[in-house]
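Below are the chains, spelled out letter by letter.
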Amino acid sequence: MPDTPLYQLREVGKEVAGPAERLVILRRIDLSVKEGESVAILGASGSGKTTLLHLLSTLDTPSWGEITMRGRNLAALSGEARARLRNREIGLIFQFHHLLPEFNTLENVAMPGIIGGMPRPKAFDLAREALGHVGLSERTNHLVTTLSGGERQRAAIARAILMKPQVLLGDEPSGSLDEANGEKIAELLLRLNRELGMTLVVVTHNQGLAQRMDRRLELHAGELHAQV
Ligand SMILES: Nc1ncnc2c1ncn2[C@@H]1O[C@H](COP(=O)(O)OP(=O)(O)O)[C@@H](O)[C@H]1O
Ligand SMILES: [Mg+2]
C-alpha cells in the first residue's frame, strides 16, 4: 500500500485535567505524513509540541479524533501491541539523551534490541552498525559518562535507529547542545532521512534544520498550520 500515509491524524485533540478546569492542549489536529517525508514541528513553548509527539509515539492517547499508522488505528491496538510497535517501528529522540550511565555505549545502543527479545550478539551487531551510521564506531566500549554532549546525543540517535524504525520522532533533539554540535545533529538526521529513508517528524527551534526539511508546520492555539 504505497499510498497509505505513514501517519494520518483526523480531528485529533488532547485535553487534560487542570487545577480548576479541563485544559485543551490540542484542539483539532489534521495531519498526514508520507513515508520518507521530513516534517518540522514549530511553535512557541507550551503550544503542545511535546504532547503531539507523545501521541505520534503511542506513549499517550488522544482525547478525541483518530490516529492511524500505516493504516492501523492506534486506539484499536492493545497496550502490548503498542509497545511492540514503539519498539520496532518508532525511534524516539529527546532533548536529553537518557542514556544509562552504568552501561557502555554499545550496551546502551543495543538496549531496544535486548528489551525487544533479540539474542544479545544480534543486538550488539546492530548496535555496531548503528554506531557506524552516527560516526561513533570508535566509542563502542566507552562508558557514556566519558562521552561529550554531542557524542551522547549521537549515541541516543544510534539507539533510536537500532531497530531500523520507519520513523524518527525528535523532541528538540539539538535543544541542549551548542550551535556547532546542534548543526552536526541536524546534518545527521537529514542524512538518515535521505540515505536510509527514515521518515522524520522533529520538533525544533533550529531554523537551519527546519528550513532543510520537506515541510514546516506550526502549532498555535491547538491547531497545526503550514508555516509560510
Ligand atoms: N499532563 C498534563 N497536565 C496538565 N497540563 C499539561 C500536561 N501536559 C502538558 N500540559 C500543559 O500543556 C501545554 C503544552 O505542553 P507541551 O506539549 O509540553 O508544550 P511544548 O512542548 O510545545 O512546550 C503546557 O501549557 C503544559 O503545561
Ligand atoms: Mg516540549
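See the structure printed just above.
Note that the structure is a prediction, hence the values are computed from the model and not measured.

**Let's talk about the side chain of glutamate 172**
Structurally, glutamate 172 is set in the loop between β7 (167-171) and α6 (179-196). Leave out the neighbours within four places in its chain, and glutamate 172 touches Lys49, Gln95, Val203 and His205.

**Side note on the site of ligand 1**
What surrounds ligand 1 is the set Val16, Leu23, Ile25, Ala44, Ser45, Gly46, Ser47, Gly48, Lys49, Thr50 and Thr51. Glycine 48 has a polar backbone atom sitting 3.0 Å from an oxygen atom of ligand 1. A distance of 2.8 Å separates an oxygen atom of ligand 1 from a polar side-chain atom of lysine 49. Starting from 570 Å² of accessible surface for ligand 1 in isolation, the protein chains cover 56%. For the shell around ligand 1, the secondary-structure elements that each account for two or more residues are β2 (22-33) and α1 (49-56). By residue class, the composition of the shell around ligand 1 is four nonpolar, six polar and one charged.

**Concerning the pattern of salt bridges**
In total, this model carries 16 salt bridges according to the counting rule given. Between arginine 10 and glutamate 66 there is a salt bridge whose closest N-O contact spans 2.8 Å. Remark: glutamate 66 occurs in strand β4 (residues 64-69) and arginine 10 occurs in strand β1 (residues 7-17); sequence separation between them is 56 residues. Taking the relative accessible area as the measure of exposure, arginine 10 reaches 41% and is therefore partly exposed. Ionic contacts of the salt-bridge type, sharing partners, join the residues Glu35, Arg70, Arg72 and Glu89 into one network.

Quick notes on the rules
- Residues numbered from 1 in each chain as written.
- Chains lettered and ligands numbered in written order.
- Predicted model: local features only at pLDDT ≥ 70, side-chain atom pairs only at ≥ 80, totals over all residues.
- Heavy atoms only, no water.
- Helix = DSSP H or I, 4+ residues; strand = E, 2+ residues; numbered from the N terminus.
- Contact = heavy atoms within 4.5 Å.
- Near = heavy atom within 4 Å.
- Polar contact = N/O pair within 3.5 Å; in protein donor to acceptor, adjacent residues only side chain to side chain.
- Areas by Shrake-Rupley, 256 points an atom, 1.4 Å probe, with all protein chains shown as cover.
- Nonpolar A, V, L, I, M, F, W, Y, C, P; charged D, E, K, R; others polar.
- Salt bridge = Lys/Arg side-chain N within 4 Å of Asp/Glu carboxyl O.
- Buried < 20%, exposed > 50% of the residue type's maximum accessible area, 1.4 Å probe, protein only.

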